[in-house]
Amino acid sequence: MTDPIADAYDVVVIGGGAAGLNGALLLARSRRSVLVIDAGEPRNAPAAGVHGYLSRDGISPAALLEIGRSEVRGYGGQVVAGRVSAAARTGDGFTVTLENGRLVSARRLLVTTGLVDELPDVPGVRERWGRDVVHCPYCHGWEVRDQAIGILGSGPMSVHQTLLFGQLTRDVMLFVHTAPQPTDAESEQLAACGISVIEGEVAGLVITDDRLTGVRLASGTVVPRQAVVVAPRFAARAGVLVSLGLATTEHPMGVGSHVAADATGLTAAPGVWVAGNVADLMAPVVGAAAAGYMAAAAINADLVAEDTRRAVTAYRDSRSAASERVSASAVERHDHTAESTILFTPEFWDARYRSTDKMWSGNPNPRLVEQIADLAPGTALDVGSGEGADVIWLAARGWQVTGIDVSTVALDRAAERAAEAGEAVADRITWQQVDLLSWSPPPLQFDLVSAQFMHLPKEQRERVFQRLAALVSPGGTLLIVGHHFSDLQTTVPRSPRAELYFTAADVAALLDRREWDIIVSAEQSRGATDPEGRTVAIQDAVLRARRRS
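A brief structural summary. (Residues numbered from 1 in each chain as written. Predicted model: local features only at pLDDT ≥ 70, side-chain atom pairs only at ≥ 80, totals over all residues. Heavy atoms only, no water.)

Some points on the pairing of strand β16 (residues 233-236)
To keep it simple, the criterion reads: Should DSSP find at least two bridges between two strands, the strands are regarded as paired. Labels follow the DSSP assignment, with helices taken as runs of H or I lasting at least four residues and strands as runs of E lasting at least two, numbered in each case from the N terminus.
Pairing between strand β7 (residues 115-118) and β16: 4 bridges, direction antiparallel. Considered in β16, the bridge of Leu115 is made with Ala236. Taken together, the 2 bridges between β16 and strand β18 (residues 256-258) define a ladder with parallel strand orientation. Residue Ala235 lies in a different strand from β18, and its bridge partner there is Ser257.

Section: empty space enclosed by the protein
Note the threshold: Cavity and pocket criteria rest on a 1 Å grid covering protein atoms alone: a 1.4 Å probe that fits but cannot get out defines a cavity, protein on both sides within 12 Å along at least 5 of 7 lines defines an open pocket, and an atom within 4 Å of a point defines a lining residue. Grid points are joined across faces, edges and corners, and a volume is the space filled by probe spheres set on the points. Only Asp, Glu, Lys and Arg are considered charged in this grouping, and only Ala, Val, Leu, Ile, Met, Phe, Trp, Tyr, Cys and Pro are considered nonpolar; every other residue, Gly among them, is considered polar.
Scanning the entire structure with this criterion turns up 1 cavity of 30 Å³ or more. For the largest cavity, the calculated volume is near 30 Å³. Surrounding the largest cavity, Gly150, Ile151, Leu152, Phe175, Val202, Leu205, Val215 and Val228 form its lining. Among the secondary structure elements, those contributing two or more residues to the lining of the largest cavity are β9 (149-152) and β12 (202-208). Its residues placed into classes, the lining of the largest cavity shows 7 nonpolar, 1 polar and no charged.

Some words on the sheet that holds strand β8 (residues 133-134)
Hydrogen bonds between backbone groups are what pair the strands of a sheet, and the pairing can be parallel or antiparallel. As a reminder, the rule being used: The contact criterion used is simple: two residues touch if any of their non-hydrogen atoms lie within 4.5 Å. Axis definition: a line fitted to C-alpha atoms, limited for helices to the stretch in contact. Angles are taken between N-to-C directions and run from 0 to 180 degrees.
Across the sheet, 5 strands lie side by side as β8-β15-β9-β10-β11; this open sheet has parallel pairing. In this open sheet, the two strands that pair with only one neighbour each are β8 and β11 (196-198). Bridging between β9 and strand β10 (residues 172-175) involves 4 bridges; their strand directions are parallel. The residue of β10 that forms the bridge with Ile151 is Leu174. Where helix α5 (residues 158-166) meets the sheet, it contacts β8, β9, β10 and β15 (227-229), and its direction lies at approximately 165° from that of β9.

Topic: the environment of Leu54
Counted only if it meets this: Think of it in three bands: residues with accessible area under 20% of the maximum for their type are buried, residues over 50% are exposed, and the middle band is partly exposed, with areas taken using a 1.4 Å probe on protein chains only.
Secondary-structure assignment places Leu54 in the loop between β2 (34-38) and α2 (61-74). We classify Leu54 as exposed; its relative accessible area is 76%. With 399 residues separating them in the primary sequence, Leu54 and Phe453 have C-alpha atoms 46 Å apart.

Description of the packing of α5 against helix α6 (residues 184-192)
For any two helices packed against each other, the geometry is given by the interaxial angle and the distance between the axes. The condition is simple: We call two directions roughly parallel when the angle between them is under 35 degrees, roughly antiparallel when it is over 145, roughly perpendicular when it lies between 65 and 115, and oblique otherwise. Each crossing gets its handedness from the near helix: less than a right angle anticlockwise from the far helix is left-handed, clockwise is right-handed.
Following both chains from N to C, one finds α5 and α6 inclined at 15°, their axes separated by 11 Å at the closest point. One element, α5, and the other, α6, form an angle in the roughly parallel class. In terms of crossing hand, the pair formed by α5 and α6 is left-handed. Of α6, the residues touching α5 (which contributes Val159, Thr162 and Leu163) are Glu186, Gln189 and Leu190.

Some points on the sheet that holds strand β23 (residues 446-452)
Spatial strand order, β22-β21-β20-β23-β24-β26-β25: 7 strands in an open sheet with mixed pairing. Every interior strand has two partners, whereas the edge strands, β22 (429-433) and β25 (516-529), have only one. Neighbour-to-neighbour, the strand axes of this sheet turn through a mean angle of 15°, independent of strand direction. Examined bridge by bridge, strand β24 (residues 472-483) and strand β26 (residues 535-547) share 7 bridges and lie antiparallel to one another. Note that in β26 the partner of Ile480 across the bridge is Leu543.

Here we look at helix α15 (residues 458-470)
The test is simple: A helix's residues, less one, multiplied by 1.5 Å, set its expected span. Note that the arc is computed from the directions linking the helix axis to the C-beta atoms.
With 13 residues, α15 extends 18 Å between its outermost C-alpha atoms, agreeing within 8% with the 18 Å of an ideal straight helix rising 1.5 Å per residue. Along α15, the positions that sit buried rather than exposed are Arg461, Val464, Phe465, Leu468 and Ala469. Angular distribution of buried residues about the axis of α15 spans 140°; they occupy a single face of the element. Buried residues in α15 make contact with β20 (379-383), β23, β24, α16 (504-508), β25 and β26.

With respect to unusual backbone geometry
Residues other than glycine seldom take positive phi values, yet Asp146 does so here, at roughly 65°. Residue classification places Asp146 among the exposed positions, given a relative accessible area of 65%.

With respect to the environment of Val133
Relative to the assigned elements, Val133 resides in strand β8. For Val133, a relative accessible area of 0% translates into the label buried. C-alpha of Val133 to C-alpha of Val425: the two residues are 292 residues apart in sequence and 70 Å apart in space. Setting aside residues no more than four positions away along its own chain, Val133 makes contact with Val125, Arg128, Leu205, Leu212, Val228 and Val230.

Regarding the packing of helix α1 (residues 18-29) against α2
Remark: α1 packs on α2, axes separated minimally by 9 Å, with the N-to-C direction vectors making an angle of 20°. For the element pair α1 / α2, the angle class is roughly parallel. The way α1 lies across α2 gives a crossing that is left-handed. Of α2, the residues touching α1 (which contributes Ala18, Leu21, Ala24, Leu25 and Ala28) are Leu65, Gly68, Arg69, Glu71 and Val72. Its residues assigned to classes, the contact of α1 with α2 shows 7 nonpolar, 1 polar and 2 charged.

Looking at the pairing of strand β6 (residues 103-111)
Of all the 9 residues making up β6, 7 are buried; the element is thus mostly covered by neighbouring parts of the structure. Sheet analysis places strand β1 (residues 8-14) next to β6, joined by 6 bridges and oriented parallel. Each bridged residue has a counterpart across the sheet, and for Val13 the counterpart in β6 is Leu110. Bridge analysis of strand β5 (residues 93-98) against β6 gives 4 bridges, and the strand direction is antiparallel. Along β6, the bridge assignment pairs Thr97 with Leu103.

Brief notes about the nonpolar core
Just so we agree on the cut-off: We define the nonpolar core as a collection of buried residues of types Ala, Val, Leu, Ile, Met, Phe, Trp, Tyr and Cys that are connected through side-chain atoms lying within 4.5 Å of one another.
If you look at the biggest cluster of nonpolar residues, it comprises 48 residues, and the most contacted ones within it are Val12, Leu109, Leu241, Val272 and Leu394. Tallying contributions element by element places helix α12 (residues 389-396) first for this core, with 5 residues. Non-local contacts of Leu241, meaning those with residues more than four positions away in its chain, are made with Val111, Leu246, Val259, Val272, Val274 and Val278. Core analysis: the next-biggest nonpolar cluster, separate from the first, contains 29 residues, Leu381, Leu436, Trp439 and Phe446 among them.

Describing the pattern of salt bridges
We apply this condition: Salt bridge, as used here, is a side-chain nitrogen of Lys or Arg placed within 4 Å of a carboxyl oxygen of Asp or Glu.
Applying the stated criterion to the full structure yields 32 salt bridges. Notably, a salt bridge pairs Arg233 with Glu118, separated by 3.9 Å at the nearest N-O pair. Highlighted residues: Arg233 in strand β16 and Glu118 in strand β7, separated in sequence by 115 residues. Judged by relative accessible area, which is 39%, Glu118 ranks as partly exposed. One salt-bridge network, held together by shared partners, links Asp10, Arg32, Arg107, Arg108, Asp302, Glu306, Asp307 and Arg310.

As for the packing of aromatic side chains
In plain terms, the rule: Ring pairs shown here join Phe, Tyr and Trp side chains whose ring centres sit within 6.5 Å, with only the six-membered ring taken for Trp; geometry is labelled stacked below 30 degrees between planes, edge-to-face above 60, and tilted in between.
Scanning the model with the defined rule gives 3 aromatic pairs in all. Between the aromatic rings of Trp349 and Tyr353, the centroid separation amounts to 6.1 Å while the plane-to-plane angle is 45°, which identifies the pairing as tilted. Here Trp349 pairs with Tyr353, and both are found in helix α10 (residues 346-354), just 4 residues apart, close to one helical turn. For Tyr353, a relative accessible area of 3% puts it in the buried group. Judged by centre distance (5.4 Å) and plane angle (80°), the rings of Phe465 and Phe502 are edge-to-face. Remark: Phe502 occurs in the loop between β24 and α16 and Phe465 occurs in helix α15; sequence separation between them is 37 residues. Taken individually, Phe465 and Phe502 each receive the classification buried, so the pair is uniform in this respect. These aromatic residues form a ring-pair network of at least three members: Phe348, Trp349 and Tyr353.

Dropping the structure here:
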């Protein structure tokens, strides 16, 4: 299963292993829009099970990831299969480029691409990797306990590795191979523990009936062994980080290359976090998951701080703008008092529509056009129909549409325009004057319920959106689109009342995930023209959900 990709997210997570999925889970639970892009190359894929992970001990790596993907999706996060070719900073955020050319924007990045195990160049090692050739006593030691184990020396940690496996079996040998000779102190430790040291290079592993049975030395001697332990060199998968100007550095323990970061995973590139093996070469699965959690918490805190700064700026600007408007004229003072007290009444909207021959463009809302293109026509409810552009567009495509609005002036105008579109269109439309704040229709009526740019104070908005969701029939679609509060920082006219704006995650949080699948929950950019004729980038909050059948 893969999810549809939106244009913009709060956070894009690159890498869908334990670190990435756990980070995405926490972010989705924090009501962030989050996309996980997974190349499908988990490091531990050859292993039969994940171990040392409380409540999940022994689970297969594939099963663990499938559970993680399901949990992320359960909170509105999205997980897609794909490979990221590059990422670049654009303004205050990032543009992520997938190999197929798809571009996605993000406010923050969490990179959890893991590492590659560079195995010793010994015949048989790669073929048996994750089975009877292992490296970690905590991840796989129990599975080879009491067997005849050989440690393939390859680096400065070989003696330490030998001593760790020595507590799991009485029959363990260190094959010096290409590792440095043990020091006098190390030789004494090995002898005291009853561990044999085998000189000479290893030529290969002996496999009999799909089982490892021995280690062949360059001299031709075969030493019987049932399991072999190696110490790979770890190389962080850092291609996307390199494209952001970051470089890998040698790990202090000399075991490979990693990407340096602080305790939360924040790198030297602002807005870019790392977690899991790309940063911590020695982290087991449970440690990688914990690192993803910590990085996600830091990312969310950073976004909260940014959102708060923006809200304060918008609040100050709105207070200043409100003061200027109050002093402008008595008529203008009346208009903005109305916005605060009677904005949602029939009288207010009838007066607004009478003030102009044409309030809206006459074109359907672009998010409606994008989001329902793949739906078969059925019954639809368009909420806040205005002059009817969305209703007419739906009806022309075969939908049986009910268009509702609080203003009878708007509905009369919409009906006239529907008639101009032809009898085949007009006959598919029912117009109805409705006050949403008191409307209580029967549930489960419509295959599609669409509310485009309907802005109410939070308490009323949540009540109305929940009522609209109840109208969607099993298998039907709920589409809610609104202006994002970040538009207050542009020159496009917007009401200064911050309480009127919402995010896609705000709407998703109103839906019972046992009944709904979240198809899209994101802030998406588009161009708009301000009063000076300039093209300005604005953000739409887009929530598309399907009621389960």
